[in-house]
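Fold and geometry: a report
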Amino acid sequence: MSKHNFEELLDKHHLKKTGPRLKVLSMMASKNTATSQPDLESVMSDIDRVTLYRILNAFEKKGIIHKVFDLNGTANYAMCHSNCEEHHHHDEHLHFNCTICKNVYCLDDLNLPPLKLPDGFKMEGFTLYANGTCPKCAGAIAK
Ligand SMILES: [Zn+2]
Ligand SMILES: [Zn+2]
Ligand SMILES: [Zn+2]
């Protein structure tokens, strides 16, 4: 995703195109793993934590990013896909926690069966976790 697309994304969600917001988006989109909150804080050290926290909250609410937890229980954030909407996330993909590098991967290409909830239950979000070793760490062990 280019800078132009990030601006479009913010426009679409009626969010002002501020430098910090664009920076958060470009950092997240550049990785194939989720980004931990401490990592975001260190990259975004020029803005205060409260501002960063507000940006993350707003993005999550708008359906731009979703929150997942790594094995340490630290919050990580990953980009959502285009079918997420305000107050309704569709991130029904597997979150793979690597026990070695502690990265969280969003695995979209698995075909998970749609969930059918009993009457009266209304789902607003769904997160599925798995843990094990990622290809990078498995390769490092084999050596
Ligand atoms: Zn989402
Ligand atoms: Zn790993
Ligand atoms: Zn995800």
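Refer to the structure presented above.
Quick look at the structure, then.

The rules behind each value
Residues numbered from 1 in each chain as written. Chains lettered and ligands numbered in written order. Predicted model: local features only at pLDDT ≥ 70, side-chain atom pairs only at ≥ 80, totals over all residues. Heavy atoms only, no water. Donors = N, O, S within 2.8 Å, 3.2 Å for Na, K, Ca; no water. Tetrahedral: all angles 85-135°; square planar, octahedral: opposite > 155°, others 65-115°. Helix = DSSP H or I, 4+ residues; strand = E, 2+ residues; numbered from the N terminus. Buried < 20%, exposed > 50% of the residue type's maximum accessible area, 1.4 Å probe, protein only. Core = buried A, V, L, I, M, F, W, Y, C linked by side-chain atoms within 4.5 Å. Contact = heavy atoms within 4.5 Å. Axes fitted to C-alpha atoms, helices over the stretch in contact; angles between N-to-C directions. Parallel < 35°, antiparallel > 145°, perpendicular 65-115°, else oblique. Left-handed = near helix turned anticlockwise from the far one by under 90°. Nonpolar A, V, L, I, M, F, W, Y, C, P; charged D, E, K, R; others polar. Pairing = 2+ DSSP bridges. 1 Å grid on protein atoms, 1.4 Å probe; cavity = no way out; pocket = protein on both sides within 12 Å on 5 of 7 lines; lining within 4 Å. Points joined across faces, edges and corners; volume = space filled by probe spheres on them. Polar contact = N/O pair within 3.5 Å; in protein donor to acceptor, adjacent residues only side chain to side chain.

1. Here we look at the coordination of the zinc ion (ligand 3)
Protein coordination at the zinc ion (ligand 3): the donors are His-66 (NE2), His-93 (NE2), His-95 (NE2) and Cys-106 (SG), at 2.0 to 2.2 Å from the metal. Taken together, the four donor atoms surrounding the zinc ion (ligand 3) define angles of 100 to 114° at the centre, an arrangement classified as tetrahedral. Read in sequence order, the donor residues coordinating the zinc ion (ligand 3) give the pattern H-x26-H-x1-H-x10-C. In this pair, His-93 sits in the loop between strand 3 (75-79) and strand 4 (94-98) while Cys-106 sits in strand 5 (residues 104-107), placing the two residues 13 residues apart along the sequence. For Cys-106, a relative accessible area of 18% translates into the label buried.

2. Description of the nonpolar core
Membership of the largest hydrophobic core comes to 21 residues, with the highest contact counts inside it found for Val-24, Leu-25, Met-28, Leu-40, Leu-56, Phe-59 and Ile-65. Elements supplying a minimum of two residues to this core: helix 1 (3-12), helix 2 (19-29), helix 4 (49-62) and strand 3. Element by element, the count of residues in this core is highest for helix 2, at five residues. In contact with Val-24, other than residues within four places in its own chain, are Leu-40, Met-44, Leu-52, Ile-55, Leu-56 and Phe-59.

3. Focus on the packing of helix 1 against helix 2
Packing of helix 1 against helix 2 brings their axes to within 10 Å, and their N-to-C directions diverge by 120°. By the angle between their axes, helix 1 is oblique relative to helix 2. Our pair here, helix 1 against helix 2, has a crossing hand that is right-handed. In this structure, helix 1 uses Phe-6, Glu-7, Leu-9 and Leu-10 to contact helix 2, whose residues at the interface are Arg-21, Leu-22, Leu-25, Ser-26 and Ala-29. Its residues assigned to classes, the contact of helix 1 with helix 2 shows six nonpolar, one polar and two charged.

4. A look at the sheet that holds strand 3
Spatially, 1-3-2 is the arrangement adopted by the three strands of the open sheet, whose pairing is antiparallel. Where the open sheet ends on each side, the last strands, each with one partner, are strand 1 (35-36) and strand 2 (65-69). Pairing of strand 2 with strand 3, which is carried by five bridges, proceeds in the antiparallel orientation. When the bridges of strand 3 are listed, Ile-65 appears paired with Met-79. Helix 4 rests against strand 2 and strand 3 of the sheet, and its axis sits at about 110° to strand 2.

5. Considering the layout of surface pockets
In this structure, the largest pocket encloses a volume near 180 Å³. Lys-31, Ala-78, Met-79, His-81 and Cys-106 are, among the 13 residues lining the largest pocket, the residues nearest its centre. Looking at the lining of the largest pocket, the elements that each hand over two or more residues are helix 2 and strand 3. In terms of residue class, the lining of the largest pocket is built from eight nonpolar, three polar and two charged.

6. What about the environment of Asp-91?
Structurally, Asp-91 is set in the loop between strand 3 and strand 4. Put simply, Asp-91 and Phe-126 are 35 residues apart on the chain and 6.6 Å apart in space, counted from C-alpha to C-alpha. Apart from the residues lying within four places of it in its own chain, the contact partners of Asp-91 are His-66, Cys-80, His-81, Cys-84 and Phe-126. Within the local environment of Asp-91, its side chain forms a polar contact with the side chain of His-66, the two groups lying 3.4 Å apart.

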